[in-house]
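The primary structure of each chain is shown beneath.
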Amino acid sequence: MSTVHPTQRRDLTSGGGSPRTHAGPGSGAESAQRRDPRPGSGSPRNHAGPGSGADSTQRRDLGSSGGSSRTRAGSGSGADRVQEMAAFLRARRERLTPEDLGLPQRKQARRTPGLRREEVAELAGVSTDYIVRLEQGRGLRPSVDVLNALARALCLNDDERAYLFDLARQRQPDSGKPSTVPAPALAMLVRDLSPLPAMLVNHRYDILAWNREMAALITDFGALPERQRNSMWLCLLDPGMRDFYVERERIIREGIADLRAAWAAHPEDRALADLIAEFTAHSAEFEQAWARHDVRVQGRGNKPLRHPVVGPLVVSYEVLIPVQDPDQRIVIYRAADADSQTALDRLTADLDTR
């Protein structure tokens, strides 16, 4: 049965944009000593991404916080966020005990549940007065380093940490651990999406998993060296890609605009920086497009292709971002018209007879 030559069928996952966990200054500078950070002393005033639950479109009353602050529905004012952050910090402090954190027991009886403010201050490396002012909602805007220290001191989970950063209107620092191994559930989902061509990529365009339909449409990814198993690398540096895309210039331009956003969101990713340096050194197309400073995350669109076996076809792509693994994205292709569906059906039939 016919197979598609690896050097003739590649793909650039245009639009594989991540949700952009934005990077901030390095942590630890303020938690190493007792400080009383002033409002606005943190990183630039950037908002964390939407959908984290930080907006005040729902009524909340954290009764366990010991306070009466309410987030007014639909107001979205800075005062609402300050009061919600105060209530949130109190509630999270009151749910912890010294035993939870391995702190020594004190002889003096505790009149209120949870940790004392001075204990949180000790753990976070800030002054007790600063914790008091935060919990009283007195208009402070903690820096990124202080937010990191508070999250550690209060044992916040990932969702709670993101919520705290959203309330403070700060960019949440990147975890510094880009995904290089496919999440098992996502790899299984990619296979289950057959007969639709699908693959799993990370923010660098590394191809982490794929199904047989995507391999037939693009190439046998498993036969490639690992460093070449990157859709941007294949599109820019593999000679077999020169004629694969009908609109090659657009595909490259869109892919680079997305990659620039990923580069800004992952400043500690050395592998990504090295990849960009390699592209700049060996691809004039990349160098020229990178110099445009375009930034756009393309989540869907069409790609006209010249396939060496089934001929011309147009695929529509959709990029899905899993909630549990936001650094990994599922890219799904579908036929954009009846003729393209016929071409994809021919590829699928060919696979079934192998």
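Going by the structure above, here's the rest.
The model shown is predicted, which means the values in this text are computed figures rather than measured ones. (Residues numbered from 1 in each chain as written. Predicted model: local features only at pLDDT ≥ 70, side-chain atom pairs only at ≥ 80, totals over all residues. Heavy atoms only, no water.)

What follows is about the overall build of the protein. When helices and strands are tallied, the protein shows 12 helices and five strands. Among the 354 residues that make up the protein, the fraction classed as buried is 48%. Long-range contacts, defined as pairs at least 24 residues apart, comprise 65% of the intrachain contacts of the protein with a sequence gap of at least 6. A total of about 17200 Å² of accessible surface is found on the protein, and carbon and sulfur atoms cover 50% of it. (Helix = DSSP H or I, 4+ residues; strand = E, 2+ residues; numbered from the N terminus. Buried < 20%, exposed > 50% of the residue type's maximum accessible area, 1.4 Å probe, protein only. Contact = heavy atoms within 4.5 Å. Areas by Shrake-Rupley, 256 points an atom, 1.4 Å probe, with all protein chains shown as cover.)

Across the sheet, which stays open at both edges, the five strands sit in the order E2-E1-E5-E4-E3 with antiparallel pairing between neighbours. The outermost strands of the open sheet, each flanked by one partner alone, are strand E2 (207-210) and strand E3 (300-307). The sheet shows a mean angle of 30 degrees between the axes of neighbouring strands, direction not considered. Bridge count between strand E4 (residues 311-320) and strand E5 (residues 328-335): six bridges; the pairing is antiparallel. For Val 315, the partnering residue across the bridge sits in E5 and is Ala 335. Sitting on the sheet, helix H6 (residues 184-192) is in contact with strand E1 (198-202), E2 and E5, with an inclination near 150 degrees to E1. (Pairing = 2+ DSSP bridges. Axes fitted to C-alpha atoms, helices over the stretch in contact; angles between N-to-C directions.)

Another aspect to go through is the packing of aromatic side chains. With the rule as written, the count across this model stands at six aromatic pairs. Geometry around Trp 290 places Arg 260 over its ring, the cationic atom sitting 4.0 Å from the centre. Sitting over the face of the ring of Tyr 317, Lys 303 holds its NZ or CZ atom 5.0 Å from the ring centroid. (Phe/Tyr/Trp six-rings, centres within 6.5 Å; stacked < 30°, edge-to-face > 60°. Lys NZ or Arg CZ within 6 Å of the ring centre and 35° of its normal.)

Residues Leu 217, Phe 221, Leu 259, Phe 279, Phe 286, Leu 313 and Tyr 333 are the most contacted members of the largest nonpolar core, which totals 39 residues. The element best represented in this core is helix H8 (residues 231-237), accounting for five residues. Setting aside anything within four residues of it in sequence, one finds Phe 279 in contact with Asn 230, Met 232, Trp 233, Leu 236, Leu 237, Leu 259 and Phe 286. (Core = buried A, V, L, I, M, F, W, Y, C linked by side-chain atoms within 4.5 Å.)

Shape descriptors only; they carry no functional weight alone.
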